[in-house]
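Structural overview
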Amino acid sequence: MTPGDDGGTGYELIRPGLEQLRTLYDWKAAESRRERFTCRPVKPLGPFDEYAAKLSSWLREPMNLLFALVASGSPEPLGEVKGFDWNERNHSLEFGYYLPPGNRGKGYGRILARLFVERVFGDGEAGVNKLYATTSAENAPSIRTLEGLGFRLDGRNREHYWMDGERYDQCVYSLLASEWLASGDERRGP
């Protein structure tokens, strides 16, 4: 099976174990420009044990989610996705995803995001009404991923990202559970 040709069965999201957490950590440690993937302050990574302990604590909070994308039957992560900033009052959840450089441009981002959306909206107990994500206006692959899954541009935060002395707008995208469920197979394919 080739990347991007998932057909709904070739990949899955798993809760990462210690081995997968080490891989996710190594990706972050090797990423020379981590600030390009968030508008939030980027803190030093620290040693793995500290990273794993902080992540474990973070995951104890309600609706903080972390999954790794793997090919079915393989323990090797291809990417990660996090759900965070759960708003209990309006039932919204922010999410973000990351692929290491060697896995970019192969369709994994769309698979990862689609499986996450299916998982969150398919779990009626979670009660999520809206998923939203933010990305730099310069991040065309992420914009294509979100728009391809039916996310709508809610707005732009002007000059929200400051990177390498340049300023970029932040695009805010969202998808409602009702929109996803009404889309049927139209948006759910690979």
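Just above sits the structure.
Figured I'd write up the structure that's included with this text. The shown structure was predicted, so the numbers you read here are calculated from the model rather than taken from an experiment.

The next point concerns the nonpolar core. In this structure, L69, F95, F116, F121, L131 and F151 are the most contacted members of the largest nonpolar core, which totals 32 residues. The element best represented in this core is helix α3 (residues 108-122), accounting for nine residues. Not counting chain neighbours up to four residues away, the residues in contact with F95 comprise V81, K82, G83, F84, A113, F116, L131, Y132, A133, L146 and F151. Listed in part, the eleven residues of the second largest apolar core include Y25, L45, Y51 and Y98.

Among the residues of helix α4 (residues 140-148), S142, I143, T145 and L146 are the ones counted as buried. Down the axis, α4 shows its buried residues gathered within 160° of arc, on one side only. On its buried face, α4 is in contact with β4 (92-98), α3, β5 (130-136) and β7 (166-176). One side-chain oxygen at the N-terminal end of α4 lies 3.2 Å from the backbone nitrogen of S142; it belongs to N139. Backbone geometry just downstream of α4 places G150 in the positive-phi region, at approximately 95°.

Attention shifts here to the sheet that holds strand β6 (residues 152-163). The strand order across the open sheet built from seven strands is β1-β2-β3-β4-β5-β7-β6, with neighbouring strands paired in mixed fashion. Looking at the sheet topology across the chains shown, the edges are occupied by β1 (11-14) and β6. On average, each strand axis in the sheet is tilted by 25° relative to the strand beside it, whichever way the strands run. With eight bridges joining them, β6 and β7 adopt antiparallel strand pairing. From the neighbouring strand, Y161 faces β7, where its bridge partner is Y168.

Moving on, we get to unusual backbone geometry. Even without glycine at this site, D85 takes up a positive phi of about 55°. Looking at where D85 falls in the secondary structure, it is placed in strand β3 (residues 77-87). Relative accessible area serves as the criterion here: at 37%, D85 is assigned to the partly exposed category. Even without being glycine, E159 reaches a positive phi, approximately 45°. When you line up the elements, E159 lands in strand β6.

The rules behind the values
- Residues numbered from 1 in each chain as written.
- Predicted model: local features only at pLDDT ≥ 70, side-chain atom pairs only at ≥ 80, totals over all residues.
- Heavy atoms only, no water.
- Core = buried A, V, L, I, M, F, W, Y, C linked by side-chain atoms within 4.5 Å.
- Buried < 20%, exposed > 50% of the residue type's maximum accessible area, 1.4 Å probe, protein only.
- Helix = DSSP H or I, 4+ residues; strand = E, 2+ residues; numbered from the N terminus.
- Contact = heavy atoms within 4.5 Å.
- Arc of directions from axis to C-beta.
- Polar contact = N/O pair within 3.5 Å; in protein donor to acceptor, adjacent residues only side chain to side chain.
- Pairing = 2+ DSSP bridges.
- Axes fitted to C-alpha atoms, helices over the stretch in contact; angles between N-to-C directions.

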